[in-house]
Amino acid sequence: MGEVLHVGALVATAAGACCVAADRPAARVRELFIAALMLLAMGDMVVGGGRVPPVFWAAALLFAALVAVAPGRARRGNDRRMRAFDALGAVLMASLLLAAHVPASPGSSHHGAGAMPLVVLTLAGVAAYAVGGVVLFATAHRDRPLVTRLPPLAMGASAVLMAAPLVVG
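Now for a quick tour of the structure.

## Regarding the overall build of the protein
Along its length, the protein carries six helices and zero strands. Starting at the N terminus, the α and β elements of the protein follow one another as α-α-α-α-α-α. Looking at the 169 residues of the protein, the share that counts as buried comes to 41%. A total of about 8,700 Å² of accessible surface is found on the protein, and carbon and sulfur atoms cover 73% of it.

## What to know about the environment of alanine 159
Following the sequence through the fold, alanine 159 ends up in helix α6 (residues 146-168). The exposure class of alanine 159 is buried, given its relative accessible area of 4%. For the pair alanine 159 and alanine 12, spaced 147 residues apart in sequence, the C-alpha to C-alpha distance is 9.1 Å. Other than its neighbours up to four places away in sequence, alanine 159 contacts Leu92, Leu96, Val126 and Tyr129.

## Digging into the side chain of threonine 13
Here threonine 13 shows up in helix α1 (residues 2-22). A relative accessible area of 1% places threonine 13 in the buried class. Ignoring anything within four residues of it in the chain, the contact list for threonine 13 reads Met38, Leu39, Met42, Met155 and Ser158.

## Some details on helix α5 (residues 116-139)
Across its 24 residues, α5 extends 34 Å between first and last C-alpha, which sits within 8% of the 34 Å expected from 1.5 Å per residue. For α5, the set of buried residues is Val119, Thr122, Val126, Tyr129, Ala130, Gly133 and Leu136. Just downstream of α5 lies histidine 141, where phi reads positive at about 55°.

## What about helix α2 (residues 29-46)?
An ideal rise of 1.5 Å per residue puts 26 Å on 18 residues; α2 measures up with 25 Å between its terminal C-alpha atoms. Residues of α2 that are buried: Glu31, Ile34, Ala35, Leu37, Met38, Ala41, Met42, Gly43, Asp44 and Met45.

Rules of the game
Residues numbered from 1 in each chain as written. Predicted model: local features only at pLDDT ≥ 70, side-chain atom pairs only at ≥ 80, totals over all residues. Heavy atoms only, no water. Helix = DSSP H or I, 4+ residues; strand = E, 2+ residues; numbered from the N terminus. Buried < 20%, exposed > 50% of the residue type's maximum accessible area, 1.4 Å probe, protein only. Areas by Shrake-Rupley, 256 points an atom, 1.4 Å probe, with all protein chains shown as cover. Contact = heavy atoms within 4.5 Å. Expected span 1.5 Å × (residues − 1).

What is shown is where atoms sit, not what they do.
Next comes the structure, spelled out in structure tokens:
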């Protein structure tokens, strides 16, 4: 069941990446960078069998989050909101990758907490991120085509699908 949910998350991320690429790709290089990195990380974990350690992907996603919010040409408030949403998505994806691959036994960490605090914080972040994706879909870029508004909704759905195995399993 977890594999099916992860494949669904990969499809949702790919759909969001395609929407970003179709919507003025020259102006959205940062968003394309994050989308491509998320696709690579998820593809490696879901389809590639995790050939690259999850901690590498997490570090790369955190770096991408920093790049996303670096000063640059964000002319409108909606562009800034989308950049922040993309950065939060990269941080959340890093957390999801780590939460899914940290041993869950109580004695697995130095302090004996295991992965439970990370999982709980990640699930809370996923819930907030999914709500934020719906809000951005409904409010940001209302005057622009649907392809511009779909990425936050797709990323919110992807986060929920990636987190579901943490709840179920």
